[in-house]
Amino acid sequence: GAVVSQHPSWVICKSGTSVKIECRSLDFQATTMFWYRQFPKQSLMLMATSNEGSKATYEQGVEKDKFLINHASLTLSTLTVTSAHPEDSSFYICSARDVTPWLAGGVDTQYFGPGTRLTVL
Amino acid sequence: DQQVKQNSPSLSVQEGRISILNCDYTNSMFDYFLWYKKYPAEGPTFLISISSIKDKNEDGRFTVFLNKSAKHLSLHIVPSQPGDSAVYFCAASGHSNNNAGNMLTFGGGTRLMVKP
């Protein structure tokens, strides 16, 4: 099945520093990737949609200058949390859209990475 | 405004019995629905999906039912196993040619506990 990896799986950083999280689709090409955030005991909240070769589309209330997204290739999207603060501590999850089934007459599906736990001290 | 709702935050079921997880949606533009299973500190795992042209999709112990008129879907797990204990999210999306787009909108999740 489709596999999506994230790196790192967890990171602890000091307030004011920047952290980069990578999301890779390992066995399929993903023109679209999504970044989610999950707070404890809450559902997944979409932060932004990342399209290969173009600017990301951010959801309302998400600061684009704080959460920088780059989708430089069909298998890699990165999320950089700039000038991180303790309130940015959260579980960040990416997903990648596999359109192969859709092109074959089926429907596409999003596959999720394992997530990255960010703790800002 | 929550477009996808899972009204039961938790569900406890005895091993071997049926687990029924429910999900309601409000956006009539949604035409594709998915169920994901999530363990703590892990990403969601895709379980099963259903297109709006169907009312039932079955895969092993998992069956998803869709009632479009009621804007309601449910996931049935039978027989339930202790390893099924996790949080289950339903999600909905449309395709790129309608207003719902390709994004997934998630419900709040239901924690399933299967007791041995």
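Refer to the structure presented above.
Presented here is an overview of the structure given in this document. (Residues numbered from 1 in each chain as written. Chains lettered and ligands numbered in written order. Predicted model: local features only at pLDDT ≥ 70, side-chain atom pairs only at ≥ 80, totals over all residues. Heavy atoms only, no water.)

Moving on, we come to the sheet that holds strand β1 (residues 4–5) of chain B. Residue and element names in this part refer to chain B. If you walk across this open sheet you meet the 5 strands as β1-β3-β8-β7-β6, and the pairing is antiparallel. Each of the sheet's edge strands pairs with one partner strand only, and the pair in question is β1 and β6 (56–59). Sheet topology places strand β3 (residues 19–25) next to strand β8 (residues 72–77); 6 bridges connect them, and they run antiparallel. Paired with Asp24 across the strands is His72, a residue of β8. (Pairing = 2+ DSSP bridges. Helix = DSSP H or I, 4+ residues; strand = E, 2+ residues; numbered from the N terminus.)

All right, on to the interface of chain A and chain B then. Accessible area lost on assembly of the parts is the figure often given for the size of an interface. Contacts between the two partners involve 21 residues from chain A, matched on the other side by 17 residues from chain B. Between chain A and chain B, the buried area comes to about 1,500 Å², and carbon and sulfur atoms account for 62% of it. Summed over the shared surface of chain A and chain B, the number is 0 salt bridges. Our count for the contact surface shared by chain A and chain B stands at 4 residue pairs in polar contact (both at pLDDT 80 or more). Contributing elements (two or more residues each) for the side of chain A that touches chain B: β4 (32–38), β5 (44–51), β9 (90–98) and β10 (109–112) of chain A. Broken down by element, the side of chain A that touches chain B gets its largest block of residues, 4 residues, from β10(A). A per-class count over the side of chain A that touches chain B returns 10 nonpolar, 8 polar and 3 charged. (Contact = heavy atoms within 4.5 Å. Buried area = accessible area lost by both parts, 1.4 Å probe. Salt bridge = Lys/Arg side-chain N within 4 Å of Asp/Glu carboxyl O. Polar contact = N/O pair within 3.5 Å; in protein donor to acceptor, adjacent residues only side chain to side chain. Nonpolar A, V, L, I, M, F, W, Y, C, P; charged D, E, K, R; others polar.)

All names here are of chain B. Its place among the elements puts Arg17 in the loop between β2 (10–14) and β3. We classify Arg17 as exposed; its relative accessible area is 57%. The sequence separation of Arg17 and Ser51 amounts to 34 residues, and the corresponding C-alpha distance is 27 Å. With residues up to four places along the chain from it excluded, the contact list for Arg17 reads Ile77, Val78, Pro79 and Ser80. (Buried < 20%, exposed > 50% of the residue type's maximum accessible area, 1.4 Å probe, protein only.)

Moving on to the nonpolar core. Of all hydrophobic cores here, the largest spans 24 residues; its most connected members are A:Trp35, A:Phe67, A:Ile69, A:Leu79, A:Tyr92 and A:Leu118. Not counting chain neighbours up to four residues away, the residues in contact with A:Phe67 comprise A:Arg37, A:Met47, A:Tyr58, A:Val62, A:Leu79, A:Thr80, A:Val81, A:Asp88 and A:Tyr92. The next biggest cluster of nonpolar side chains, apart from the first, holds 23 residues, and it includes B:Cys23, B:Trp35, B:Ile50 and B:Tyr88. (Core = buried A, V, L, I, M, F, W, Y, C linked by side-chain atoms within 4.5 Å.)

So, on to the packing of aromatic side chains. Enumeration over the complete set of coordinates arrives at 12 aromatic pairs over all chains. Their ring planes at 85° and their centres at 5.5 Å tell us that A:Tyr36 and B:Phe106 sit as a pair that is edge-to-face. Placement of the pair is A:Tyr36 in strand β4 and B:Phe106 in strand β10 (residues 105–106), with the two residues belonging to separate chains. Given a relative accessible area of 0%, A:Tyr36 falls into the buried group. Using a relative accessible area of 8% as the deciding quantity, one classes B:Phe106 as buried. Ring geometry for A:Tyr111 versus B:Phe46: centroids 6.1 Å apart, planes at 75°, classification edge-to-face. One end of the pair, A:Tyr111, is in strand β10; the other, B:Phe46, is in strand β5 (residues 45–51), on a second chain. (Phe/Tyr/Trp six-rings, centres within 6.5 Å; stacked < 30°, edge-to-face > 60°.)

Time to look at the state of the cysteines. Structurally, a disulfide amounts to a covalent bond that connects the sulfur atoms of two cysteines. Summed over the entire model, instances satisfying the criterion amount to 2 disulfides over all chains. The disulfide partner of A:Cys23 is A:Cys94, and the gap between their sulfur atoms is 2.0 Å. Here the disulfide of A:Cys23 and A:Cys94 is right-handed, its torsion about the S-S bond being about 80°. You can see A:Cys23 sitting in strand β3 (residues 19–25) and its partner A:Cys94 sitting in strand β9, a full 71 residues away along the chain. Assessed through its relative accessible area of 0%, A:Cys23 is described here as buried. Residue A:Cys94 is classed as buried on the basis of its relative accessible area of 0%. Residue B:Cys23 pairs covalently with B:Cys90 via a disulfide, S to S 1.9 Å. Judged by the sign of its S-S torsion, about 60°, the bond between B:Cys23 and B:Cys90 is right-handed. (Disulfide = S-S within 2.5 Å.)

Function cannot be read off these values alone, since they describe shape.
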